[in-house]
Structures are given as C-alpha cells and as structure tokens.
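Close look at the chain arrangement
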Amino acid sequence: MELEGRVVVVTGGASGIGRALATRAVAEGARGVVVADLDGVGAEGVARELGDRARGLWCDAASEDDVARAIAVAEEAFGPVDVFCANAGVAIGQDEQTPDDVWDLALAVNVRSHVIAARLLVPGWLERGSGWFLSTASAAGLLTQIGSAPYAVSKHAAVAFAEWLSVTYGDRGIGVSCLCPMGVDTPLLHGGDDAEGIASTASSVVKAAGDVLSPDAVAEVVVQALREERFLILPHPEVADFERHRTADRDRWLAGMRRLQRRVDGG
Ligand SMILES: NC(=O)c1ccc[n+]([C@@H]2O[C@H](COP(=O)([O-])OP(=O)(O)OC[C@H]3O[C@@H](n4cnc5c(N)ncnc54)[C@H](O)[C@@H]3O)[C@@H](O)[C@H]2O)c1
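The present account deals with the structure reproduced in this document. (Residues numbered from 1 in each chain as written. Predicted model: local features only at pLDDT ≥ 70, side-chain atom pairs only at ≥ 80, totals over all residues. Heavy atoms only, no water.)

A short note on the pairing of strand β2 (residues 32-37)
The element β2 is largely enclosed, with a buried count of 6 among its 6 residues. Here β2 shows two buried faces, one formed by Gly32, Val34 and Ala36 and the other by Val33, Val35 and Asp37. Summarising the sheet, strand β1 (residues 7-11) and β2 pair through 5 bridges and their orientation is parallel. In the sheet register, Val7 faces β2, and the bridge partner there is Gly32. For the crossover from β1 across helix α1 (residues 16-27) to β2, the handedness is right-handed. Relative to strand β3 (residues 54-58), β2 is paired through 5 bridges, and the arrangement is parallel. When the bridges of β3 are listed, Asp37 appears paired with Trp58. Handedness of the β2-helix α2 (residues 40-50)-β3 crossover: right-handed. (Buried < 20%, exposed > 50% of the residue type's maximum accessible area, 1.4 Å probe, protein only. Helix = DSSP H or I, 4+ residues; strand = E, 2+ residues; numbered from the N terminus. Pairing = 2+ DSSP bridges. Right-handed = clockwise from strand over helix to strand, strands pointing away.)

What about empty space enclosed by the protein?
Within this structure, the stated rule accounts for 1 cavity of 30 Å³ or more. By volume, the largest cavity is sized at about 60 Å³. What lines the largest cavity is Leu3, Val8, Leu21, Arg24, Ala25, Cys85, Leu134, Val222, Val223 and Leu226. Secondary-structure elements contributing two or more residues to the lining of the largest cavity are α1 and α8 (215-227). (1 Å grid on protein atoms, 1.4 Å probe; cavity = no way out; pocket = protein on both sides within 12 Å on 5 of 7 lines; lining within 4 Å. Points joined across faces, edges and corners; volume = space filled by probe spheres on them.)

Some thoughts on the site of the ligand
The environment of the ligand is made up of 28 residues, and the closest members are Ser15, Ile17, Asp37, Tyr151 and Thr186. At a separation of 2.8 Å, an oxygen atom of the ligand approaches a polar backbone atom of Ile17. For the ligand, whose unbound accessible area comes to 840 Å², protein coverage reaches 92%. Elements with a minimum of two residues in the shell around the ligand: α1, α5 (149-169) and α6 (187-190). By residue number, the principal contributor to the shell around the ligand is α6, which donates 3 residues. Of the residues contributing to the shell around the ligand, the split by class is 16 nonpolar, 9 polar and 3 charged. (Near = heavy atom within 4 Å. Polar contact = N/O pair within 3.5 Å; in protein donor to acceptor, adjacent residues only side chain to side chain. Areas by Shrake-Rupley, 256 points an atom, 1.4 Å probe, with all protein chains shown as cover. Nonpolar A, V, L, I, M, F, W, Y, C, P; charged D, E, K, R; others polar.)

Comments concerning helix α3 (residues 64-77)
Since the α-helix turns once every 3.6 residues, residues separated by three or four places project in the same direction. Helix length check: α3, at 14 residues, gives a terminal C-alpha distance of 20 Å against a target of 20 Å (1.5 Å per residue), a fit within 8%. Those residues of α3 not exposed but buried are Asp66, Val67, Ala70, Ile71 and Ala74. Each buried residue of α3 sits inside an arc of 140° when the element is viewed along its axis, so together they form one side. Turned more than 90 degrees from where α3 packs its buried face, Asp65 and Glu76 sit exposed. Looking at the residues trailing α3, positive phi occurs at Gly79, about 120°. (Expected span 1.5 Å × (residues − 1). Arc of directions from axis to C-beta.)

Without other data, these values stay purely geometric and don't point to any function.
Written out as structure tokens, the structure reads:
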C-alpha cells in the first residue's frame, strides 16, 4: 500500500503523530489529505502549510456527524477516501475512582471514534474492493498503562477493534494497520509534566520505558509498514518482546509490572 495518489483523512492531525502522518502523506504524493481535529485552527494551519493538496477542519472524531463531514470534505475536494487514520486520542483518567464522564471521554475518543469511522467508510470500501484503516492505538493497548486505567482499557479496545476489522474484512479488500508506539515526543506525552500524582506518573513511566521518538520518525515507520501491508506497527521494536513475555507467562509478567508499580509508588 503506497500513499501516492491516495485520499487520506487524519483525525488529530493538528499536532504530534497526526500532523506528522498528514505531512508525510503529502510528501509521499497523496492526492489529497484532510486534517481533522478538535483544534480547528490548528488543523487549518497544518493544511495551509501543506498546500493545495490539503484541507483542514474542526472535527470531533467522536461525533458521527463531524466525521461524516470530514469524509464529505475529502470526497468533494479530492475523491473517495482511500486511507483513514483514526489517530485522535486522549490520555486522561487514572483509576477506578475516575468519574464516569472521564471514562466515557477516553472510550469515545480512543475507540468509539474508530467504530464511527469504520461504520461510515466500510460499506463504500467493500463496494470499491479497497480501503485502508490505520488505527493509532498504543503500546498500552498491547500491554498496559501504569497510572491510567482509562487509557489502558480504551487502547486495548482500539487494538481489539482493529483486529476485528482485519479478520472480518481483510479478505474483501480492506487493509488494517494498528500503530502501537511507546513514547513519542508530543504534547500528549508531556501533558503530565506539570501535573501531580498519577498523570505525571504515566508520562514519566512511558519516558523511562524506552526511547522517546519524534513524530516524524514514527511516520517513517508507518509508511514502511503500510508499504509492507503489515498489521502491527511497532516504532519501538522491543514492544514485540514485551508482548511475548506477557502472553507466555501472564502471572510472571504481572509480577514484573507490579515491581515497576512499586518502584513508581516509592518515587
Ligand atoms: N505521544 C505518545 O507518547 C503516544 C504513544 C502511544 C500512542 N499515542 C497515541 O497517538 C495519538 C496521537 O497523539 P499524539 O501523541 O500525537 O498527541 P497530540 O496531543 O500531539 O495530538 C493529539 C491531537 O488529537 C486531537 N484530539 C483530541 N481529541 C480529539 C477529538 N475528540 N477529535 C479530534 N481531534 C482530537 C488534539 O486536539 C490533538 O491535536 C493518540 O491516539 C495517542 O493516544 C501517543
């Protein structure tokens, strides 16, 4: 799967990984890229920088009407959407005491938005016999997230949905890839920097767990993985070993994670 000549929509495209994906798609020769973000001014700014082959718009990725509008903008400007990057995400919430509205927002943005996009796009993709769904989940979706249950749970759900799409439609022309990075140098990772307690815990654990990559480096790995039509995209290759350990002996893996949690609790 090459991005050249494709029509691409990127949610959360005003910043970080989404911005890098949109920029890289244009550089790869995409026919058109729609940058859709809750930060509409940022989305329009990114699109302006990218030139004629980009459009930017305000869009809540968790709203079916908004995502339908983003798809319509792409269709009108460039033609049917070939690649949808379900990338918008929020790193919020801490534990079981976190209020329902925060849990709901994490689930709405990190997973239900993917369901909404697929609902809108899959029928057309099946008709045309092609389409690509790129889900930005997280290493937290394969492992866990110390310090944030809503993030761990919603990202596991995003991985599960991407797998389900691939199983269900993979033989009917729809490709699916699932991006699962650890730390990437974006505002989302640094959001906990000035916070106290668990929010700062989550970001410092991620930063300590491995290299913090640039969004551009992640986009480079994505382009290569799409070219090879791989499902799992791991910019931090060690995540594959961590996942193997987890599935080989769950109790041992949990004991190791509890050791890490104790170290975090002890500062
Ligand atoms: N940065 C990391 O370390 C890291 C690691 C693993 C996974 N991720 C995932 O990567 C994705 C992109 O995050 P990032 O690190 O680039 O963060 P970021 O903060 O730079 O960008 C996230 C963008 O999503 C937008 N957004 C938030 N809610 C939205 C909504 N409801 N609708 C539309 N846009 C919305 C924000 O306005 C922002 O522009 C997220 O899904 C995140 O969970 C990030």
